[in-house]
Amino acid sequence: MSALRSDDDGALLRVLFGVVAADELDADDDADEGLASVRTAYADLTGRALTDADVEAGRAAARSEGTWLDAAQALARELDDDGKQRLFAAAFTVALADGFVLDEEDRVLSTLAAALGMNEHEYRLSVDKLLAAAH
């Protein structure tokens, strides 16, 4: 699959780390799973690997409330429907990295879906489809 965008502005990274921040996990194994899923999703979306500096920048940005949502809203104006679906699927994969989607992650995913122009019905259909594919 081709790269979604270059992400020179870091918007994709901020969105993915916004999902990780919602997890608020302290366990090292779960944190490692989340980071690994961000690295994989980012490579799929951009065609490039994250450096350690990128990861630290993404983590710092995720701690700034609203930063990921601003990035998602900007991406919504730029991406076509397929790109929006790919971004949402990548964010869902990050949320599912620990084996389940927590309530807070569901709220972040729902907010992301709305920012990308999905209504509640489209959001639930996408989640159901992604859950079925994961199992």
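Residues numbered from 1 in each chain as written. Predicted model: local features only at pLDDT ≥ 70, side-chain atom pairs only at ≥ 80, totals over all residues. Heavy atoms only, no water.

## Looking at the pattern of salt bridges
Close approach of charged atoms allows side chains of opposite charge to pair. The tally for this structure, following the rule as stated, stands at nine salt bridges. The salt bridge partner of Asp54 is Arg48, with a shortest N-O separation of 3.5 Å. By relative accessible area, Arg48 is classed as partly exposed at 34%. Across the salt bridge formed by Glu104 and Arg107, the nearest N and O atoms sit 2.9 Å from each other. A residue pair is termed a helical-turn pair when its members lie 3 or 4 positions apart in one helix, as Glu104 and Arg107 do in helix H6 (residues 103–115) at three residues. The partly exposed category is assigned to Arg107, whose relative accessible area is 48%. Overlapping salt bridges bring together Arg5, Asp7, Asp9 and Glu78 as one network. (Salt bridge = Lys/Arg side-chain N within 4 Å of Asp/Glu carboxyl O. Buried < 20%, exposed > 50% of the residue type's maximum accessible area, 1.4 Å probe, protein only. Helix = DSSP H or I, 4+ residues; strand = E, 2+ residues; numbered from the N terminus.)

## Some remarks on the environment of Glu104
By relative accessible area, Glu104 is classed as partly exposed at 32%. When the C-alpha positions of Glu104 and Ala114 are compared, they lie 15 Å apart, and in sequence the two are ten residues distant. In terms of polar contacts, Glu104 uses its side chain to reach the side chain of Arg107, at 2.9 Å. (Polar contact = N/O pair within 3.5 Å; in protein donor to acceptor, adjacent residues only side chain to side chain.)

## Topic: the packing of aromatic side chains
In total, this model carries one aromatic pair according to the counting rule given. Taken together, a centroid distance of 5.7 Å and an interplanar angle of 80° make the contact between Phe88 and Tyr123 edge-to-face. One end of the pair, Phe88, is in helix H5 (residues 81–95); the other, Tyr123, is in helix H7 (residues 120–134), and 35 residues separate them in sequence. In this structure Tyr123 comes out as buried when scored by relative accessible area, which is 1%. (Phe/Tyr/Trp six-rings, centres within 6.5 Å; stacked < 30°, edge-to-face > 60°.)

## A short note on helix H3 (residues 52–62)
Every buried residue of H3 is listed here: Asp54, Val55, Gly58, Ala61 and Ala62. In an axial view of H3, the angular spread of the buried residues amounts to 130°, which keeps them on one side of the axis. Away from its buried face by more than 90 degrees, H3 exposes Asp52 and Ala53. (Arc of directions from axis to C-beta.)

## Regarding unusual backbone geometry
For Asp7, which is not glycine, the phi torsion reads 65° and is therefore positive. Looking at where Asp7 falls in the secondary structure, it is placed in the segment before helix H1 (11–23).

## Quick look at the nonpolar core
Membership of the largest hydrophobic core comes to 41 residues, with the highest contact counts inside it found for Leu16, Leu87, Phe88, Leu109 and Leu112. The set of elements that each furnish at least two residues to this core consists of H1, helix H2 (28–46), H3, helix H4 (67–78), H5, H6 and H7. Ranked by residue count, the leading element in this core is H1, at eight residues. In contact with Leu16, not counting residues within four places along its chain, are Val38, Ala41, Tyr42, Leu45, Ala90, Ala91 and Val94. (Core = buried A, V, L, I, M, F, W, Y, C linked by side-chain atoms within 4.5 Å. Contact = heavy atoms within 4.5 Å.)

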